[in-house]
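Inside the fold
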Amino acid sequence: MQKILDAILAGDLASLGTLPVPESYRGVTVRADEVEMFADRAHADKDPRESLHVDEVPTPELGPGEALVAVMASAINYNTVWTSIFEPMDTFGFLRRYGKTSPLAKRHDQPYHVVGSDLAGVVLRTGPGVNAWQPGDEVVAHCLNVELEHPDGHNDTMLDPEQRIWGFETNFGGLAELALVKSNQLMPKPAHLSWEEAACPGLVNSTAYRQLVSRNGAGMKQGDTVLIWGASGGLGSYATQFALNGGATPVCVVSSQEKADICRKMGAELIIDRNAEGYRFWKDENNQDPKEWKRFGARIRELTGGDDPDIVFEHPGKETFGASVYVARKGGTIVTCASTSGFMHQYDNRYLWMNLKNIIGSHFANYREAWEANRLVAKGKIHPTLSGVYPMEETGQAAYDVHRNTHQGKVGVLCLAPEEGLGVRNPELREQHLSAINRFRGV
Ligand SMILES: NC(=O)c1ccc[n+]([C@@H]2O[C@H](COP(=O)([O-])OP(=O)(O)OC[C@H]3O[C@@H](n4cnc5c(N)ncnc54)[C@H](OP(=O)(O)O)[C@@H]3O)[C@@H](O)[C@H]2O)c1
């Protein structure tokens, strides 16, 4: 592994195809024999620092259409939090089911799960049938793992029945020294970014792009008012940038002044601090409080000069969904990709049907959408929202920060990269955008 790293650090990328691939590597895992470890604990007390390990695991055999990547850096996504606390179920069920689909997929069914759905690194090997990528290519990987043997996926690969999220529903993820991906997950690494900066947008940037911008999602247009929950978080920090770039007006919801300040730094002007304003959408466990929806809606109108949101960018789920449906404008769209606070949503359907609103489900992104989202990063039009970086050994702490919602934007992880700041190939472009690239740093 050291020889591979030395070659990458020396810029000797041409030699990578000839250097031997190690038989094993270090990766961040959860273990199948530990899935019950938090059985008697409340959600908030389940601690990723106890369940995420750095283990030496065998390097998987490379199959057709695949690539083995030396991972320089990765990032924490909320799916790694879910994996590490074994909620809503442990991920070994995904690996078992995938393993049953083919002899090649059987490799994924292991008593350990190497997690992680983002990476920036260098291609080491490609399998039979891969022509578009070569050893030595500097890449990022999006997390759509798709088989495409069925007709359903051929208009939109997210609709393939064998669609999985790499490093969550498949093994050999990106929080590791090596990762196994399908070659159609690869995209060029933005040249003006360091490894850890390049690794952090992937999953959330692509998801926010489909959810908000793509015609498969809300199809945002200039002039739209967009209510964005968690506007300084992983998804929200990209949704806010897309709204501003696309001529829309974001109304950013956050939970502290610090987070409000970051939204202002991104260029947003309309911000709601949900903590300071004390919204309580639920009176008790079973009943919501429509008066609070109204108070929230009135506040949005006060900020926008009377406009209701054309689009509500949803992901908190149970806690906010009733309010989201209520505040969307007549004919407006609530677009959802998650349910962090609970997946059994309750809303007053009268506001939906009488006002001809739409609810759209959105999940990750197809290759084209992920490519478009990455292209915007590479052009310096969308910027990484990296706030802090941990070494791979401290991935548990990084995931803990995200679980406790004490982080901002994205939290990065160094895998093979020995330090931050390496891998920049276009310093001129970087210089033009330096303050935007560093906007979230150390907040
Ligand atoms: N379907 C997909 O493809 C996909 C892709 C990415 C993520 N996700 C899911 O989307 C969710 C968010 O991911 P993320 O990366 O953005 O996470 P994140 O970095 O933790 O950001 C989420 C933000 O939502 C806000 N929030 C959390 N709980 C809330 C609540 N009860 N009410 C209102 N706001 C709340 C928080 O902001 P404030 O505290 O500042 O309000 C938080 O910063 C997760 O459940 C994740 O699994 C799904």
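Fair warning: this is a prediction, and the values are worked out from it, not measured in the lab.

The rules behind these values
- Numbering of residues starts from 1 in every chain and runs along the sequence as written.
- In keeping with the model being predicted, local features are shown solely for residues with a pLDDT of at least 70 and side-chain atom pairs are shown and tallied solely at 80 or more, while totals for entire chains, interfaces and linings include all residues.
- As a rule here, side-chain values cover all heavy atoms of the structure and leave hydrogens and water aside.
- The classification of residues rests on relative accessible area computed with a 1.4 Å probe and restricted to protein chains. Under 20% of the type maximum is buried, over 50% is exposed, and intermediate values are partly exposed.
- Secondary structure elements follow DSSP: runs of H or I no shorter than four residues count as helices, runs of E no shorter than two count as strands, and numbering proceeds from the N terminus.
- In this description, the arc belongs to the directions extending from the helix axis to the C-beta atoms.
- Note on contacts: a residue pair is in contact if any heavy atoms of the two residues lie within 4.5 Å.
- Contacts described as polar in this section are N or O atom pairs within 3.5 Å, which, within protein, must combine one atom able to donate a hydrogen with one able to accept it, while residues neighboring in sequence count only if both atoms come from side chains.
- Residue ranges assigned to the domains are those given by an automatic or database domain assignment.
- What counts as buried area is the accessible surface, traced by a 1.4 Å probe, that two parts surrender upon association, with contributions from both included.
- Residue polarity follows a fixed list, in which Ala, Val, Leu, Ile, Met, Phe, Trp, Tyr, Cys and Pro are nonpolar, Asp, Glu, Lys and Arg are charged, and the others, Gly among them, are polar.
- Each nonpolar core is a collection of buried residues, namely Ala, Val, Leu, Ile, Met, Phe, Trp, Tyr and Cys, held together in the definition by side-chain atoms within 4.5 Å.

Turning our eyes to something else, we now look at helix α1 (residues 2–9). Considered for burial, the residues of α1 that qualify are Ile4, Leu5, Ala7 and Ile8. What you see down the axis of α1 is that its buried residues fit within an arc of 160°, all on one side. Every exposed residue of α1 that faces more than 90 degrees away from the buried side is listed here: Gln2 and Lys3. Residues of α1 that are buried in the fold lie against β3 (66–75), β5 (119–126) and α5 (195–199). Positive phi shows up at glycine 11, right after α1, with a value of about 75°.

Relative to the helices and strands, arginine 107 is located in the loop between α4 (92–99) and β4 (112–114). A polar contact is formed between the side chain of arginine 107 and the backbone oxygen of leucine 104, at a distance of 2.6 Å. Those residues within four positions of arginine 107 in sequence are excluded, and the remaining contacts are Glu61, Leu62, Gly63, Glu66, Phe172 and Leu180.

Partitioning the protein into domains gives domain 1 (1–204 + 365–438) and domain 2 (218–361). One C-alpha centre belongs to domain 1, the other to domain 2, and the line joining them spans 30 Å. Each side of the interface is counted separately: domain 1 has 17 residues, and domain 2 has 16 residues. Both faces combined, the contact of domain 1 with domain 2 buries some 1300 Å², and carbon together with sulfur accounts for 56% of it. Among the residues of domain 1 in contact with domain 2, Val204, Ile382 and Gln408 are the three that bury the most area, contributing 43% of the side total. Across the contact surface, domain 1 and domain 2 share six residue pairs in polar contact (both at pLDDT 80 or more). Here the residues of the side of domain 1 that touches domain 2 sort into nine nonpolar, six polar and two charged.

Attention shifts here to the nonpolar core. In this structure, Ile8, Leu16, Leu119 and Leu186 are the most contacted members of the largest nonpolar core, which totals 114 residues. Residue contributions to this core peak at eight residues, all from β3. The residue makeup of this core includes at least three contributed by each of domain 1 (1–204 + 365–438) and domain 2 (218–361). Setting aside residues no more than four positions away along its own chain, isoleucine 8 makes contact with Leu13, Leu16, Ala70, Met72, Val122 and Trp195. Within the second largest apolar cluster, 20 residues are counted, among which are Trp229, Leu270, Phe296 and Leu352.

Another point: the environment of leucine 386. Mapped onto the fold, leucine 386 is located in strand β17 (residues 386–391). The spatial distance from the C-alpha of leucine 386 to the C-alpha of asparagine 438 is 7.5 Å, given a sequence separation of 52 residues. In this view, leucine 386 contacts Glu196, Glu197, Cys200, Lys410, Val411, Gly412, Phe440 and Arg441; residues no more than four positions away in its chain are not counted.

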